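Listed below, chain by chain, are the residues.
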Amino acid sequence: MKTDVEELTPTRVKLTVEVPFDELKPNLDKAYQEISRQVRIKGFRPGKVPARLIDQYVGRGAVLQEAVNDALPELYGRAVEEKEIFVLGQPDVEVTELDDNEKFAFTAEVDIRPKFEVPDYDGLEVVVEDAEVTDEKVDETLDNLRERFASLTTVERAAEAGDFATIDIAAEIDGESVEDAATSGYSYEVGSEGAIEGLSDAVTGLSAGESKTFTSKLVGGERAGEDAEITVTVQSVKVKDLPAADDEFAQLASEFDTIDELRDDVRTRLGRQVKLQQLSDARDKALEALLEKVEIPLPDAVVQQEVDRRYQQLDQQLQMAGMTKEDYLKDEEKSEEDFDQEVKDAAALAVKGGFVLDQLAVQEELGVENEELSEYVVTQAMQMGVAPQQLAQYLTENNQLPAIVSEVLRSKALNLIVEHVVLKTESGETLDVEAIQRELNGGDTEDLAEDAVDEAQEIADAAADADAADEADREQAEEADAAAEAKADAEEKDGKDA
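Conventions adopted
- Residues numbered from 1 in each chain as written.
- Predicted model: local features only at pLDDT ≥ 70, side-chain atom pairs only at ≥ 80, totals over all residues.
- Heavy atoms only, no water.
- pLDDT = per-residue confidence, 0-100.
- Contact = heavy atoms within 4.5 Å.
- Salt bridge = Lys/Arg side-chain N within 4 Å of Asp/Glu carboxyl O.
- Helix = DSSP H or I, 4+ residues; strand = E, 2+ residues; numbered from the N terminus.
- Pairing = 2+ DSSP bridges.
- Axes fitted to C-alpha atoms, helices over the stretch in contact; angles between N-to-C directions.
- Buried < 20%, exposed > 50% of the residue type's maximum accessible area, 1.4 Å probe, protein only.
- Core = buried A, V, L, I, M, F, W, Y, C linked by side-chain atoms within 4.5 Å.
- Phe/Tyr/Trp six-rings, centres within 6.5 Å; stacked < 30°, edge-to-face > 60°.
- Lys NZ or Arg CZ within 6 Å of the ring centre and 35° of its normal.
- Parallel < 35°, antiparallel > 145°, perpendicular 65-115°, else oblique.
- Nonpolar A, V, L, I, M, F, W, Y, C, P; charged D, E, K, R; others polar.
- Patch = residues over 30% accessible without salt bridge, like charges linked within 9 Å, V, L, I, M, F, W, Y side chains within 5 Å.
- Areas by Shrake-Rupley, 256 points an atom, 1.4 Å probe, with all protein chains shown as cover.
- Lys, Arg positive; Asp, Glu negative; His and termini not counted.
- Charge placed at Lys NZ, Arg CZ, Asp CG, Glu CD.

Undergrad: How do you make sense of the confidence of the model for the chain when you look at a structure like this?
TA: Detail in the predicted coordinates should be disregarded across regions flagged by low pLDDT. Looking at the chain as a whole, the pLDDT averages 85, with 89% of positions reaching at least 70. Residue range residues 443-498 is modelled with pLDDT below 50. Its contacts to residues more than four positions away, or to other chains, number 21 contacts.

Shown next as C-alpha cells:
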C-alpha cells in the first residue's frame, strides 16, 4: 500500500492511497459470502451460492462495492497510522480508481491537529486568592445553617419584605379565567424574585384576607407571554424565627456539644474549601498562562463542533430552568451578538487547550494505567449517583473508553503543568502545591481512593469474566452452527447420490 500526504492547510490534509488489488481478496471473499446469504437462487441454500452465479445474477460491480466498503475503514486507519497523523473527526473519502484485478485507489480529506511543540512551562507564575477564612465568612455559614432550622410564626400585620406569605393566585384574560395559571396555598417569600413580575409589590402591604389585582405577563401554560389580570389573595403572613447560635443549636444541628466546637469545624471546612478552590484556580490559570505562549491554527470544523456542543448544553439547562434564551440574555445583560462571540471565543480556547494538553502528553510520554481508568470511572459514577459497574458498561457499549483515556491523559498533563508553576497568593505568599495536595488528601481520603480503585478493579475483572463467558458462548454457538451446516451438507449429498 502506498500513501501520499498533501497539506491542504495547517489543519487539514489529503491522503492519497493506492492499494494492490490482491490486498482486497479477503474483503472480496467476505463480500461473496455476505451476498450469498442474501440472494435466493433456486437449487442453492442461502450462503451456498457459488461466486460465478453471484457475478452472473447480481453483478461483479456489486461485489466490488461491498468489498471496498468493507476494506476502506481498515485501509484508512493503516494510512493514518503509517504517516503518524493525529486526525480529528471523520474523513471525506472518495474512491478515485477501481480496476478489477488491477488497482484500487482512494483519497481522504480530514482535519488534523496542527504540528507544534509545547514551550517550556517550568516557572510559570500563577496568582490565586488568599486562603483566608474570616470571622464574617464563618458567621455567614453558621447563619445559613440556622436558616435550615428556622421556624415560621404567624403574625397579625401586613406583609413586609422577608416575610413568608401564603397566597392564592388567579388570572384572567379578557374576563376569561386562565386555569393553568391559578394556584392556591403557595408560600411566597416577600421581596424575592418570583415567576410573576410585580408579585412582590402586590403582596407587600397586604394582610391576611386582603387581595390586590395587577397586570403582568404569564410565564407558563398555553397563554404564556400574554398580559393577564393577576389577582393575589393573602391567606396568612408569617415571619421566620432563627434559632439562637448557642450550644443547644450546636447539639441540634451537628455532632458537637458546644457552639465553639461547631464554629471551629466550620472554619476548618471552609479552609479546605478555599484551598481546593486555590488548586482549581491554579489549574485554570496555569493552562491559561501556557496557552498565551502558544500560537497555533485551529480547524474551523472542530471549533464549530465545540460551539454546537456548548449551545446544546445551554439549551438543556434553560429547559430545565424553564427559561428561554432571551430571558437568559436579559438576566446576563448581554446582546445576542456579544454572547455568540463569547461562546465562540470560549470554544476556540477550549479546543486550543485540548491540543496543547494532548501534545504535552506526547512530549512527556504520559500514559494511562488501568487503575487510573478504574478510579476515574468510580469517581464519575459517585458524582452521577449511579453504580460504577453500570457506568463502565455504558462507556464500553457506547465506545466511550477512548474519550475517557484522552480525558485522563489531559488531566495528568495539566497536573504536570501545575507542579512546575510558581504559585503565589494575592498577598505575595508563595504556596507549595504538593504540600497543599498532601494536606487535602489526608489518610482517610487516600484510603477511600484505594477502596475506589479496588472496587473498580473488581468491576473490570467481572466485566472481563463476562466477556470471556460471552466469547465461550459464541464459540459454542458457532460450533453448533458448523455442525448443523455439516449435517445439512451431508444430507444434501446423500440425497443427490440417491
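Undergrad: Help me understand the pattern of salt bridges in this model?
TA: Where charged atoms from two side chains of opposite charge come close, those side chains can pair. With the rule as written, the count across this model stands at 27 salt bridges. Ionic pairing is found between Arg-37 and Glu-34, a salt bridge with its closest N-O pair at 3.4 Å. Of the two residues, Arg-37 and Glu-34 both sit in helix H1 (residues 25-38), three residues apart, roughly one turn of that helix. Through salt bridges with shared partners, one network takes in Arg-12, Asp-92, Glu-109 and Asp-111.

Undergrad: Hey, could you run me through the sheet that holds strand E5 (residues 125-128) in this one?
TA: The pairing of strands in a sheet happens through backbone hydrogen bonds and is either parallel or antiparallel. The three strands are arranged E5-E12-E13 in an open sheet whose pairing can be described as mixed. At either margin of the open sheet sits one strand with a lone partner, and together these are E5 and strand E13 (430-431). Pairing geometry for E5 and strand E12 (residues 422-425), over four bridges, is parallel. Note that in E12 the partner of Val-128 across the bridge is Thr-425. Helix-sheet contacts for helix H7 (residues 259-291) involve E5, E12 and E13, and the interaxial angle to E5 is about 140°.

Undergrad: Honestly, the side chain of Asp-358 in this entry has me stumped. Any pointers?
TA: Tracing the chain through its elements places Asp-358 in helix H10 (residues 336-363). Owing to a relative accessible area of 11%, Asp-358 belongs among the buried residues under this scheme.

Undergrad: Hey, could you run me through the nonpolar core in this one?
TA: A general trend in soluble globular proteins is that nonpolar side chains are found buried together. In terms of nonpolar packing, the biggest core is built from 41 residues, with Phe-116, Val-118, Tyr-121, Leu-290, Val-356, Ile-417 and Leu-423 touching the most fellow members. Secondary structure elements with two or more residues in this core: E5, H7, helix H8 (300-321), H10, helix H13 (401-419) and helix H14 (433-440). With eight residues, H10 is the largest single contributor of residues to this core. Other than its neighbours up to four places away in sequence, Val-356 contacts Phe-116, Val-118, Leu-290, Leu-291 and Val-294. Counting 31 residues, the second largest nonpolar core, distinct from the first, contains Tyr-32, Val-39, Ile-41 and Ile-85.

Undergrad: Looking at this structure, I do not really get unusual backbone geometry. What am I missing?
TA: Residues other than glycine predominantly adopt negative phi, and peptide bonds predominantly adopt the trans conformation. Although it is not a glycine, Glu-333 adopts a positive phi angle of roughly 55°. Here Glu-333 is to be found in the loop between helix H9 (325-332) and H10. Among the residues examined, Glu-333 registers a relative accessible area of 73% and is labelled exposed. Even without glycine at this site, Asn-399 takes up a positive phi of about 55°. Assignment of secondary structure puts Asn-399 in the loop between helix H12 (388-397) and H13.

Undergrad: What should I look at first to understand the packing of aromatic side chains in this one?
TA: Two aromatic rings, taken as a pair, are described by how far apart their centres are and by the angle between their planes. Within the structure shown, the criterion is met by four aromatic pairs. Three or more aromatic residues joined by ring pairs form one cluster here, namely Tyr-311, Tyr-328 and Phe-339. Arg-113 extends its terminal NZ or CZ atom over the ring of Phe-86, reaching a point 3.9 Å from the ring centre.

Undergrad: I keep staring at the packing of helix H11 (residues 370-384) against H13 and nothing clicks. Help me out?
TA: Between two packed helices, the angle of one axis relative to the other and the distance separating the axes together describe the packing. For the pair H11 and H13, the least separation of the axes is 10 Å and the interaxial angle reads 100°. Here H11 lies roughly perpendicular to H13, going by the angle between them. Across the interface between the two elements, Glu-372, Leu-373 and Tyr-376 of H11 pack against Ile-404, Val-405, Glu-407, Val-408 and Lys-412 of H13. The residue inventory of the contact of H11 with H13, partitioned by class, reads five nonpolar, no polar and three charged.

Undergrad: In this structure, what is going on with the pairing of strand E3 (residues 87-99)? I would like to understand it.
TA: Each regular strand shows side chains that alternate between the opposite faces of the sheet. Looking at chain direction, E3 and strand E4 (residues 103-112) are connected through nine bridges and run antiparallel. In the strand pairing of E4, Val-87 is matched with Ile-112.

Undergrad: In this structure, what is going on with the sheet that holds E4? I would like to understand it.
TA: Spatially, E1-E2-E4-E3 is the arrangement adopted by the four strands of the open sheet, whose pairing is antiparallel. Of all strands in the sheet, those bounded by a partner on one side alone are strand E1 (2-9) and E3. Within the sheet, the average angular offset between the axes of one strand and its neighbour, ignoring direction, is 20°. Bridge count between strand E2 (residues 12-20) and E4: nine bridges; the pairing is antiparallel. The partner of Val-13 across the bridge, within E4, is Val-110.

Undergrad: What am I meant to see in a negative patch on the surface here?
TA: Together, Asp-246, Asp-247, Glu-248, Asp-257, Asp-260, Glu-261 and Asp-264 give the surface a local cluster of negative charge. Mapped onto the negative patch, the elements with two or more residues apiece are helix H6 (247-253) and H7. Considering every element that reaches the negative patch, the biggest residue donor is H7, with three residues. Mapped onto the fold, Asp-247 is located in helix H6.

Undergrad: Would you take a moment to explain the environment of Ile-230 for this structure?
TA: Inspection of the secondary structure assignment puts Ile-230 in strand E11 (residues 227-241). For the pair formed by Ile-230 and Ile-196, sequence separation is 34 residues and the distance between their alpha carbons is 9.0 Å. Every residue in contact with Ile-230, bar those within four places of it in the chain, is listed here: Ile-169, Ala-170, Ala-171, Ile-196, Lys-212, Thr-213, Phe-214, Ser-216 and Leu-218.

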